[in-house]
Amino acid sequence: MHDFLQQYVLNYLDSKGLTPGGAGNIFWATVYILLVFGGLSVAVIAMNWLERKILAHMQVRLGPMRVGPHGLLQPIADALKLLLKEDIIPAEADKIIFWIAPFIVVLAAFTVFVVVPFGPTHAITDMNIGILFMLGVSSLSVLGIVTAGWASNSHYPLIGALRSSAQMVSYEVAMGLAVVSVIMMTSLGSIATGLYGAGNIGSQASGTLSMIGIVQAQQEQGVWFVFKFFPLGLIGFAMFAIAMVAETNRAPFDLPEAESELTAGFHTEYSGFRWSLFFLAEYSAMIAVSSIAVTLWLGGWLRPFPGIHGPSIAIPHIWPPADPTAPTGALDFVFALFPGIAFLLLGAMCFYNVRRMPKHPLFKIQTVGLAGFGAVLGLIGLIMFIPPVRDRVGDIFWFAAKVAAFMYLYIWYRGTFPRYRFDQLMKVGWKVLLPMGLALLVLTAVFAMHGELWAQFTGAGHP
Amino acid sequence: MIPSVTNPPVATAFFFYLLAATMIIGGILVITRKNAIHSAMALITALLAQAGLYLMLYAPFVAGVQIILYAGGIMVLFLFVIMLINIERTVKERQFNKQWLVGIAAAAALGGLFIAVYTTATKGKALFPEGSMTYGEGDNTQRIALLLFDSHAGQYMFAFEIASLLLLVAIIGAVVMAKKRI
């Protein structure tokens, strides 16, 4: 039994190029699920702090400063406060549905991470229908929002829920059209039949819906899809970037929870732990749609300029990586050092701020705490320079960095754009994005097949 | 890079009974709940369990479409409409009509049909041709596309296009009926 278990755990390490789901290994799949869940929770906590800080600095305020150095412990204090708060269910509410609704939202927001590819093998599993699965399951979260608003049995939540469902159903259409144009692009390229999730049907080139396959298609075609068929890829990306903000109910499309009109929208009646579930779901849904955008248009786990390697170099014990198939160029080496350098820079920023802390004795604990935080960040940076670690975190780092850029954009939108009126929102969704999406689809098809179309037109293609 | 199918199949009897039981319980709740929202939620549960059954048949594309269209799209519109109905009035109204005789006759006929199919199938007579087991999980989407659009193997394109035309007509009809002035 012991041998079997040992073998079961080790087997996956020997199988190269497979996700735990692809290898059918339940142990490693569980480990990956726990890692993704933990990472996501940390990301939501960090996002909470960052959003308040960045918004504050955009408005020339300081933001949270009291709990921990520069308010670093504020999210933890808030989480504790929410857990200790009284959990109120309104007397006239529909108890069962009021109870279920937050869980639907959280389930929908977390389940999609099953197929998010953090690296060629760093995904829980991969499906033949990856992107369809992500769009479908994330669209289920609207059910939770609608039922939450209805079950509260109150006016503001109901209006918020109605707005939210109308908005999410409308923008899903534009989102889907933008996605289809990318899926069309995956079928191009010389070796499209060998893609992950593309199947093995004859010699015909077929595209793929699998998330890993879409990134591999970008790798093989040597271009991120945002630059493919310039400017078509860029237009599709912009459409998705707009629709995804509306899908996650964030400013400037945050009508379902417009606080100046509806107090807090669909979750007005929720408090304590249940409210924090909505909060958690909102942020993880933001991360989920951002990772769709990163996977489809920005090359997923690929580093910038994935096609340029530079001259091959060798440094004993450090470079090239142990994996014989990995590229060995000088540029690859430079980009492989990025994760460590990024964390070292964050640590250095902490130490810079340690020097700027007030010298008053009351601030001593905070100063020491900030220095400790900087030391931990620096240590993580140093660990990332160790060659085996460096070779395994590179893809996760680039994916996370691209998603982080989207997270910053979300905060930036919230800080700068005024909220849309509801008729403006519908106008943008149906009269601008939908026709644009249809035109994009047709144009992408024409660009993709222009050689064959021309041959048909002139008759040259016929024998 | 394509993983070979050497894993134990997930389509085990346990999952089938779990999903089937979920569907049946969901279906019963749909007709017995007085509150329309509770019925709708039960229907969504049943539809999601059905998507799970499609997954067990190694048809992930159909399962994905089931989730997006039925659970995600149509049911949200259902809920949207039901939410605006006055629930207090519908709860007071009579839920079932009194046509017990017809109902029992229809149920008995359907049950008899199921039993007949089951007994003939287990006796070995070929009522339905025996399906060949193919693990089409890895290329289900591509195979459906070939059946629809391929110039040689494609045979359902006409039916597909007719169905989409029908949907288009229905959409235009809905818009014309809903809007007084266009």
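Residues numbered from 1 in each chain as written. Chains lettered and ligands numbered in written order. Predicted model: local features only at pLDDT ≥ 70, side-chain atom pairs only at ≥ 80, totals over all residues.

Looking now at the overall build of chain A. A count of helical and extended segments in chain A gives 18 helices and zero strands. A compact globule built from 463 residues would reach a C-alpha radius of gyration of about 23 Å, and chain A, at 24 Å, matches this within 12%. Seen along its three principal axes, the alpha-carbon backbone of chain A occupies a region of about 75 × 60 × 55 Å. Buried positions account for 44% of the 463 residues belonging to chain A. Relative to all contacts within chain A whose residues are 6 or more apart in sequence, the contacts with residues 24 or more apart total 71%. (Helix = DSSP H or I, 4+ residues; strand = E, 2+ residues; numbered from the N terminus. Rg over C-alpha atoms; globule rule 2.2 N^0.38 Å. Buried ≥ 20, exposed ≤ 12 C-beta atoms within 10 Å, placed from the backbone. Contact = placed C-beta atoms within 7 Å.)

Attention now goes to the overall build of chain B. Within chain B, the secondary structure is distributed over seven helices and zero strands. For chain B, the succession of helices and strands along the chain, N to C, is α-α-α-α-α-α-α. Of all 182 residues assigned to chain B, the portion counted as buried reaches 18%. For chain B, long-range pairs separated by at least 24 residues make up 49% of all intrachain contacts whose partners lie at least 6 apart in sequence.

All right, on to the environment of A:L262 then. Residues and elements named next belong to chain A. Mapped onto the elements, L262 comes out in helix α11 (residues 259-262). The exposure class assigned to L262 is buried, which follows from the 20 C-beta atoms found within 10 Å. For L262 and A285, which are 23 residues apart along the polypeptide, the C-alpha to C-alpha distance reads 22 Å. Look past the residues within four positions of L262 in its chain and what remains in contact with it is Y156, I159, G160 and E257.

Let us look at the domain arrangement of chain A. Residue and element names in this part refer to chain A. Parsing chain A into structural domains produces domain 1 (24-84) and domain 2 (85-302 + 420-454). Computed from C-alpha atoms alone, the centre-to-centre distance between domain 1 and domain 2 is 22 Å. At the junction of the two partners, domain 1 supplies 13 residues and domain 2 supplies twelve residues. Of all the secondary-structure elements, those providing two or more residues to the side of domain 1 that touches domain 2 are α3 (26-58) and α4 (74-84). In terms of residues, the side of domain 1 that touches domain 2 owes the most to one element, α3, which gives eight residues. Broken down by class, the residue content of the side of domain 1 that touches domain 2 amounts to twelve nonpolar, no polar and one charged. (Domains from an automatic or database assignment. Nonpolar A, V, L, I, M, F, W, Y, C, P; charged D, E, K, R; others polar.)

Moving on: the confidence of the model for chain B. Keep in mind that low pLDDT regions are not for reading the predicted coordinates in detail. All names here are of chain B. When pLDDT is averaged along chain B, the result is 80, and 82% of the positions lie at 70 or above. Of all helices and strands in chain B, the one with the weakest mean pLDDT is helix α4 (residues 87-92) (71), whereas helix α1 (residues 13-32) scores best (90). With pLDDT under 50 throughout, residues 1-7 is counted as low confidence; its partners more than four residues away or in other chains account for ten contacts. Confidence metrics for the complex model read pTM 0.86 and ipTM 0.78. (pLDDT = per-residue confidence, 0-100.)

One finds A:V105, A:A109, A:A243, A:A293, A:W297 and B:I44 to be the most contacted residues of the largest nonpolar core, which totals 125 residues. Per element, the largest residue contribution to this core is 15 residues, and it comes from helix α12 (residues 272-297) of chain A. Sequence-distant contacts of A:A109, defined by excluding residues within four places in its chain, comprise A:S141, A:A281, A:S284, A:A285 and A:A288. (Core = buried A, V, L, I, M, F, W, Y, C linked by C-beta atoms within 7 Å.)

What follows concerns unusual backbone geometry. Residue and element names in this part refer to chain A. That bond from F230 to P231 is cis: its omega, 5°, falls within 30 degrees of zero. Inspection of the secondary structure puts P231 in the loop between α9 (211-221) and α10 (232-247). The phi torsion at V60 lies on the positive side, around 55°, for a residue other than glycine. Here V60 lies in the loop between α3 and α4. Positive phi outside glycine occurs at F229, with the angle close to 50°.

Moving on: the packing of helix α5 (residues 95-111) of chain A against α12(A). Residues and elements named next belong to chain A. For the pair α5 and α12, interaxial distance at closest approach is 8 Å and the crossing angle is 25°. With respect to α12, the element α5 is oriented roughly parallel. Seen from above, α5 lies across α12 with left-handed handedness. Each of P102, V105, V106, A109 and F110 in α5 lies in contact with α12, whose residues at this interface are R274, L277, F278, L280, A281, S284, A285 and A288. (Axes fitted to C-alpha atoms, helices over the stretch in contact; angles between N-to-C directions. Parallel < 35°, antiparallel > 145°, perpendicular 65-115°, else oblique. Left-handed = near helix turned anticlockwise from the far one by under 90°.)

One way to put it is that helix α6 (residues 130-139) of chain A packs onto helix α3 (residues 60-83) of chain B with a least axis distance of 9 Å and a crossing angle of 25°. Considering the angle they form, α6(A) stands roughly parallel to α3(B). Handedness of the crossing formed by α6(A) with α3(B): left-handed. Seen from α6(A), the contacting residues are A:L132, A:F133, A:L135, A:G136, A:V137 and A:S139; seen from α3(B), they are B:G64, B:I67, B:I68 and B:G72. Looking at the contact of α6(A) with α3(B), its residues break down into six nonpolar, four polar and no charged.

On to the environment of A:R421, then. All names here are of chain A. Mapped onto the elements of the fold, R421 is located in the loop between α16 (387-416) and α17 (422-448). The exposed category is assigned to R421, around which 10 C-beta atoms lie within 10 Å. Considered as a pair, R421 and L255 are 166 residues apart in the sequence and their alpha carbons are 7.9 Å apart.

Turning our attention to helix α6 (residues 140-149) of chain B. All buried positions along α6(B) are accounted for by B:N140, B:T141 and B:Q142. Along its buried surface, α6(B) packs onto α3 of chain B.

Okay, the environment of A:L331 next. All names here are of chain A. In this fold, L331 is placed in helix α13 (residues 330-336). The partly exposed category is assigned to L331, around which 17 C-beta atoms lie within 10 Å. Considering only alpha carbons, one finds L331 and A148, 183 residues apart in sequence, at a separation of 51 Å. When neighbours within four sequence positions are excluded, L331 is seen to be in contact with I308, H309 and G310.

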